[in-house]
Amino acid sequence: MPANLYAQLGGEATVNAAVDLFYRKVLSDNSISTFFDTTDMDAQRAKQAAFLTMVFGGPNNYTGTDMRTAHAPLIEKGLNESHFNAVAGHLQTTLEELGVSADLIEQVMSIAASTHDDVLNL
Amino acid sequence: MSKINFKGKVIECLDSETVLDAFLRSGENIPHSCKTGVCQTCLLRTIKGKVPIEAQYGLKTTLCAQNYFLACSAIPDQDLVVALPTEAEVFGRVTVQEKELLSTNICRLTLETTRALHYHAGQFINLRRDDNLIRSYSLLSVPDIDPYLEIHIKRMPDGKMSNWIFDQVKAGFSLDIQGPNGNCFYVSGEPNQNLLLIGTGTGLAPLIGIARDALYSGHLGGIYLYHGSRQIEGLYLHNDLHAMEKKYPNFYYIPCLSGSYVPAECTPGRAHDVALTHHNNLNNWRIYLCGTPPMVNTAKKLAYLAGADLADIYADPFEVADLRSKPRGLTLR
């Protein structure tokens, strides 16, 4: 089913259409932008593309351990539930702006929700 | 099947195999990560031969112009000679032609090369003194116009190279250079695109090079150059740039002053703030940023949020050299 979801969403083309919409929202949101603010914006954008590919059910190399390790330094900077929800909100709005159907959005959001414990190191 | 020459070794790339897979299969463990053309970690450049266009998807046009490609996305259809981006070009000897003071603490040097240097205005060279002191300077000369290399040097309070250049260097001196390096330069092909150039201090030098290169290449879109300084003395090419503005109808020079005294012909405020206020929709613009790292980083973020594509933002942060442990250009920035 995940591979099917990726194809239904439009695959790589949709990732490319979504990544700037999504990353701009995240960077403009003062409640979470510090976690995304970096001198290497190109690398950060590539990370967002990889993240979107994963939650779209596409090919990725993410494991739960990677998620935990990658977010551990952010937990020390205060990353919590409210930040996770804010990012999820921007993901949902991005998909809505792209005209993705409610049914597919729901599937994406459930993959995103499945990362919750790893992201927050719970 | 294609043969790939890398560091003097020949690697055979099977049909429908990517360069990266062929390398890894042969035990050549080059830097790589996502293997799907996203992360751009597996960047290589061709010295000889051409890779299919898909292998440059998503790369900055300036990288494409220097024959960079992604090993994970390249399924070659011919033999290639390739190299890692970190294998920088070697030093060559140059002779100082002329030294001219542009303001109390900025001077220009013109350099004569012994052999033709293939470069783009806006790239930088590393200058090496005979005792191995190395510093980076951006080129504002344009290869097709100028028969010499031109750089601007700012005298830094404790700058070893800059003070030596100001106090000792004369016409006829010889120096070694390495380069060209950097991705901050004009690429033709989009003649109607608007260009936004923002620089502080001697960050002006590469921007002038880029503007001159664009104008020489027949660029038709607007070219907006914002030069920022705290005080009026810092706008060290004010008159020249005004003259250039009169000469070219699509070139605009906007001097900005962040200090308290701002004469009528200058705009108050920091250059990137002024520029982003004047141009709040940068969709399909190309942006060049040269100056201190905080200015460059802030401006890059603001330009992106104003709709510019990250691949269209070219940044050249000027680090204070004497705090830098190794010269620029030896790693790809």
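Everything numeric in this text was worked out from a predicted model, so none of it was measured. (Residues numbered from 1 in each chain as written. Chains lettered and ligands numbered in written order. Predicted model: local features only at pLDDT ≥ 70, side-chain atom pairs only at ≥ 80, totals over all residues. Heavy atoms only, no water.)

## Points about the domain arrangement of chain B
All names here are of chain B.
Stage number 1. Split by domain assignment, chain B resolves into domain 1 (2-85), domain 2 (91-181) and domain 3 (195-323).
Stage number 2. Relative to domain 3, the C-alpha centre of domain 2 lies at a distance of 22 Å.
Stage number 3. Counting residues at the interface gives 21 residues for domain 2 and 17 residues for domain 3.
Stage number 4. For the pair domain 2 and domain 3, the summed buried area comes to about 1,500 Å², and 63% of that belongs to carbon and sulfur atoms.
Stage number 5. Inspection of the domain 2/domain 3 interface yields one salt bridge.
Stage number 6. With its nearest N and O atoms 3.0 Å apart, the salt bridge here joins Asp-146 to Arg-212.
Stage number 7. On the surface where domain 2 and domain 3 come into contact, there are three residue pairs in polar contact (both at pLDDT 80 or more).
Stage number 8. Looking at the side of domain 2 that touches domain 3, the elements with two or more residues in it are strand 6 (91-103), strand 9 (134-138) and strand 10 (149-154).
Stage number 9. Residues of the side of domain 2 that touches domain 3, tallied by class, amount to nine nonpolar, six polar and six charged. (Domains from an automatic or database assignment. Contact = heavy atoms within 4.5 Å. Buried area = accessible area lost by both parts, 1.4 Å probe. Salt bridge = Lys/Arg side-chain N within 4 Å of Asp/Glu carboxyl O. Polar contact = N/O pair within 3.5 Å; in protein donor to acceptor, adjacent residues only side chain to side chain. Helix = DSSP H or I, 4+ residues; strand = E, 2+ residues; numbered from the N terminus. Nonpolar A, V, L, I, M, F, W, Y, C, P; charged D, E, K, R; others polar.)

## A word on the interface of chain A and chain B
Stage number 1. Across the boundary between the two partners, chain A contributes 16 residues, which contact 15 residues of chain B.
Stage number 2. In total, about 1,300 Å² of surface goes out of reach between chain A and chain B, with carbon and sulfur atoms giving 54% of it.
Stage number 3. By the criterion of area lost to chain B, the three top residues of chain A are Arg24(A), Met41(A) and Asp42(A), representing 41% of everything that side buries.
Stage number 4. Salt-bridge contacts for Lys300(B) lead to Asp42(A); the nearest nitrogen and oxygen are separated by 2.8 Å.
Stage number 5. Counting across the interface, chain A meets chain B through six residue pairs in polar contact (both at pLDDT 80 or more).
Stage number 6. The set of elements that each furnish at least two residues to the side of chain A that touches chain B consists of helix 2 (11-28) and helix 4 (41-55) of chain A.
Stage number 7. Sorting elements by how many residues they give to the side of chain A that touches chain B places helix 2 of chain A first, with eight residues.
Stage number 8. Partitioned by chemical class, the residues of the side of chain A that touches chain B number six nonpolar, four polar and six charged.

## Digging into the packing of aromatic side chains
Stage number 1. Following the criterion strictly, the structure yields seven aromatic pairs over all chains and no others.
Stage number 2. The interplanar angle of 25° and the centroid separation of 5.9 Å between the aromatic rings of Phe22(A) and Phe51(A) together place this pair among those described as stacked. In this pair, Phe22(A) is assigned in helix 2 and Phe51(A) in helix 4, connecting sequence segments 29 residues apart.
Stage number 3. Look at Phe22(A) and you get buried, because its relative accessible area is 0%.
Stage number 4. Between the aromatic rings of Phe6(B) and Phe23(B), the centroid separation amounts to 4.9 Å while the plane-to-plane angle is 50°, which identifies the pairing as tilted. Within this pair, whereas Phe6(B) is found in strand 1 (residues 2-6), its partner Phe23(B) is found in helix 1 (residues 19-25), the two being separated by 17 residues in sequence. You'll find Phe6(B) and Phe23(B) in the same group, each marked buried.
Stage number 5. Among the aromatic residues, ring-to-ring pairing joins Tyr224(B), Tyr252(B) and Trp285(B) into one connected group.
Stage number 6. Between the NZ or CZ atom of Arg24(A) and the centre of the ring of Tyr304(B), over which it lies, the distance is 4.4 Å.
Stage number 7. Sitting over the ring of Tyr314(B), Lys60(B) keeps its end group 4.9 Å from the ring centre. (Phe/Tyr/Trp six-rings, centres within 6.5 Å; stacked < 30°, edge-to-face > 60°. Buried < 20%, exposed > 50% of the residue type's maximum accessible area, 1.4 Å probe, protein only. Lys NZ or Arg CZ within 6 Å of the ring centre and 35° of its normal.)

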